Amino acid sequence: MRASGRVDRRSLLKITGGSVAALGLTAAGCGTGGGSADGTVTIRYAWWGADDRAKRINRSIELFEKKHPKIKVKTDFQDYVAFWEKFQTQAAGGNPPDVFQCAIAFLRKYDKRGVLLDLKQQADAGNLKMTGFRSGLEKVGEVDGKLLGVPVGSNTMSLVIDEKVFEKAGITPKQGWTWDEYFAALKKIRDTQHRAGDSGYFGVMYLYDLYLRQQGKAFFTEKGLGFDETDLREWWADGYDAVRSGLVADPKKVVQIAPKSAVSDGIAGSEFTWDNFSVRYDSEGNSTYGLAPVPTTDGKKTGQYLSSLMLSASARTKYPQQVAQFINFMVHDPEVGKIMGYDRGILATEAQYQAFEPTDPVNKAIAAYEEKTAAAGVFGPVTPHPAGADTVEAAFLRIGTDLGVGKTEPADAVRQFFSEAKSALAG
Amino acid sequence: MTLVKAPPGRVRTRHPAAPAALRRRDRRDNLAGYLFMSPWIAGFLLLTAGPMIASLYFAFTDYNLFNTPSWIGLDNFTQMFADPRWRKSVEVTAEYVVIGTPLKLLLALGVALLLARNGRGQGFYRAAFYAPSLIGASVTVGFVWRALFSDDAIVDRAQSFLGLHVGGWVGDPEWVLYSLAALTVWQFGAPMVIFLAGLKQVPRELYEAAAVDGAGPLRRFWSVTLPMISPVLFFNVLLETIHAFQIFGSAYVVSNATCGPADSALVYTCYLYQKGFKEAQMGFASAMAWMLLLAVALVTAVLFWSQKRWVHYEEAAR
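Please read these numbers as outputs of a predicted model, since none were measured by experiment.

**Q** Explanation requested: the overall build of chain B in the structure shown.
**A** Each helix and strand counted, chain B has 13 helices and two strands in total. Since a compact globule built from 318 residues should have a radius of gyration of about 20 Å, the 25 Å found for chain B marks it as more spread out than a globular shape. With the principal axes as the frame, chain B shows a C-alpha extent of 70 × 65 × 35 Å. Buried positions account for 43% of the 318 residues belonging to chain B. For chain B, contacts bridging at least 24 residues in sequence account for 67% of all contacts bridging at least 6.

Below, the structure written as structure tokens:
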């Protein structure tokens with residue numbers, strides 16, 4: 001049976017591996033990386049992204065190999081979802097890449113399973129410099145006293161808007177505007193432009209986190225969820241009504257145009273997402289797009305924080321020192337900063353940030369947005385993400401969509417989410 | 001008709017009391033045979049039997065790919081029955097099988113009947129209708145399907161032209177399953193070819209005799225064609241049903257890897273995949289796989305049991 005055949009590739013590998021070993025055939029150079037006679041080592045580097053990022057990364061690696069002739073870097077990339085599926089299988093099989101792109105939602109999960117290398121020792125040994133990061137970013141990858149990831153860029157949640165639509169409706173989003181004002185804006189857009197104002201805010205876990213943070217709560221605590229069923233019922237009931245009344249785009253349409261965004265497709269006027277994602281809208285759509293402040297509850301707090309893409313290393317790597325050198329280079333080298341730009345968020349270290357001068361409007365806008373937000377003094381510390389956070393996020397989005405298409409009532413959706421989240425966080 | 005009955009049991013010529021030398025040669029022959037088969041045997045043990053046994057074990061454990069599996073008895077199964085998404089996946093799969101399979105077979109039979117007559121360009125039509133079966137399982141076709149059945153795409157426009165305002169099928173929980181059923185129906189070429197072979201086997205004399213008795217085309221179909229091809233029909237029903245239970249690729253691609261919206265395309269294997277590879281619950285996924293095996297075995301058994309009532313083998317073969 002096909003399905004069950006897939007399930008056990010891992011134990012199968014063990015069996016094959018075992019028998020090969022028994023025959024004394026284990027070849028040198030198998031497993032993670034390889035060393036050769038002249039001391040050259042090869043490390044594997046995996047990340048998610050698209051072609052454009054691939055080109056930038058390959059150019060950075062060329063530079064690295066020139067400066068470190070004894071280290072070769074082999075790369076591998078997929079899109080976000082495929083990346084983590086592959087990574088999970090590789091990690092379970094004991095063969096994860098030596099270095100890989102990571103995010104906060106995965107740190108505890110893979111730390112708990114012993115996959116991640118604590119980079120603190122390498123930092124102490126001087127192979128990895130942990131100073132010179134912007135706005136306290138070096139703390140982002142620290143979990144329970146371990147250094148599990150080194151940030152390469154910073155990003156924060158934002159509201160991407162179709163500027164033409166907002167202009168025609170006569171709305172100018174201001175720092176500190178409230179949710180009531182935001183919903184009034186959506187209503188104006190619907191009434192004047194005959195299109196939805198928002199693409200589906202109620203399914204975005206990271207936005208709900210901000211909303212909770214505005215009230216002194218948070219989506220996650222270290223062990224579980226930082227809110228209760230009543231909180232979520234209110235949030236989702238509002239979302240449900242907003243879809244029914246046309247303030248928010250019909251999810252039936254939104255899911256069909258995926259992976260294209262509802263804003264660039266012209267279905268919705270705005271959308272909450274990470275500020276560095278705004279790069280895509282210009283290439284996808286034919287309007288002008290801008291970044292607007294996140295609405296607040298009290299006119300002040302947005303709940304925002306600086307998050308980050310990180311580089312993490314495998315606990316099983318044979319070359320922790322070379323891996324640390326590589327991460328160090330990717331994070332601090334000014335040339336790399338120039339090559340990478342704000343592809344993975346605003347460059348995390350001062351050295352790279354100074355080296356890269358954004359020239360195109362999109363990158364300039366991202367930089368301006370984070371500067372303005374920082375100046376408004378709304379950035380708080382990152383909330384912890386427990387193991388299983390990634391599964392919880394997927395469930396939140398899925399159940400949110402179910403709610404939007406009218407397949408579930410808010411009360412049932414909330415019940416289902418809590419039951420799924422409970423089992424995801426227990427696993 | 002008189003029939004020479006085959007001797008019961010073994011047909012082998014070797015006598016139990018054969019000389020020792022002969023038996024030795026037999027053994028040598030066997031050894032050579034096994035040697036030649038060894039790549040297949042190794043593949044079977046390592047890639048099929050081994051994993052199956054392992055998954056049977058995992059089905060009774062809590063296993064997240066990283067920690068060693070811990071025995072939990074039947075917990076995976078009780079959890080499964082209590083899981084609303086699992087029940088939804090069973091529902092969706094059953095609906096898909098019940099909608100898609102009969103339609104596909106009807107179309108296959110209908111076209112086979114048309115093509116069974118020897119007219120001009122038969123070869124072309126046969127190839128043309130068979131082609132989708134060759135490419136239908138590919139991911140590309142899944143993407144094409146997604147594009148065809150989206151909002152304002154060709155299917156939506158055709159509907160609107162006819163005054164039906166349904167919208168794109170792939171975003172609508174009520175409709176997405178029908179787009180998947182359409183995809184399987186579109187691949188009717190494989191059963192069609194088998195039907196064609198069956199139709200060619202029906203003796204002409206039967207039709208002539210029926211015509212002489214005054215039977216019209218419809219009557220000839222019901223009383224001659226259908227009974228005569230019922231073994232082929234049985235074969236196709238069996239194969240297509242089993243096949244339909246295992247739908248994965250098309251549902252995964254057409255739904256943009258979400259099996260949604262609102263779990264409307266959450267076919268069984270899709271949920272199994274999500275549980276195993278996204279949520280890393282391999283024990284649960286293994287238990288699901290074995291439930292699927294059991295279900296398919298059950299359906300197959302029912303079909304075999306039912307064939308006594310409607311499948312007619314030629315008397316001679318009885």
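**Q** Please explain the pairing of strand β3 (residues 71-78) of chain A as it appears in this structure.
**A** Sheet faces and side chains relate simply in a regular strand, where the side chains alternate between the two faces. Summarising the sheet, strand β2 (residues 41-48) of chain A and β3 of chain A pair through eight bridges and their orientation is parallel. If you follow V41 of chain A over to β3 of chain A, its bridge partner there is I71 of chain A.

**Q** Any chance you could explain unusual backbone geometry here in plain terms?
**A** A negative phi holds for most residues other than glycine; trans holds for most peptide bonds. The backbone phi angle of D144 of chain A is positive, close to 50°, even though this residue is not glycine. Tracing the backbone through its elements, the reader meets D144 of chain A in the loop between β5 (142-143) and β6 (146-147). The phi angle at D152 of chain B is positive, at roughly 65°, despite the residue not being glycine. Its place among the elements puts D152 of chain B in the loop between α5 (139-148) and α6 (154-161).

**Q** Would you mind showing me how to read the interface of chain A and chain B here?
**A** Facing the 37 residues of chain A at the interface are 43 residues of chain B. Carbon and sulfur atoms make up 59% of the surface buried where chain A meets chain B, a total of about 3,400 Å² over both sides. For the pair chain A and chain B, the number of links is five salt bridges. A salt bridge links K252 of chain A to D172 of chain B; its shortest N-O distance comes to 4.0 Å. In this assembly, chain A and chain B are joined by seven residue pairs in polar contact (both at pLDDT 80 or more). When contributions to the side of chain A that touches chain B are tallied by element, the ones reaching two or more residues are α1 (2-7), α2 (9-22), α4 (80-92), α5 (104-112), α11 (251-257), α17 (389-404) and α18 (410-426) of chain A. Grouping the constituent residues of the side of chain A that touches chain B by class yields 14 nonpolar, 10 polar and 13 charged.

What counts, and where the lines are drawn
Residues numbered from 1 in each chain as written. Chains lettered and ligands numbered in written order. Predicted model: local features only at pLDDT ≥ 70, side-chain atom pairs only at ≥ 80, totals over all residues. Heavy atoms only, no water. Helix = DSSP H or I, 4+ residues; strand = E, 2+ residues; numbered from the N terminus. Rg over C-alpha atoms; globule rule 2.2 N^0.38 Å. Buried < 20%, exposed > 50% of the residue type's maximum accessible area, 1.4 Å probe, protein only. Contact = heavy atoms within 4.5 Å. Pairing = 2+ DSSP bridges. Buried area = accessible area lost by both parts, 1.4 Å probe. Salt bridge = Lys/Arg side-chain N within 4 Å of Asp/Glu carboxyl O. Polar contact = N/O pair within 3.5 Å; in protein donor to acceptor, adjacent residues only side chain to side chain. Nonpolar A, V, L, I, M, F, W, Y, C, P; charged D, E, K, R; others polar.

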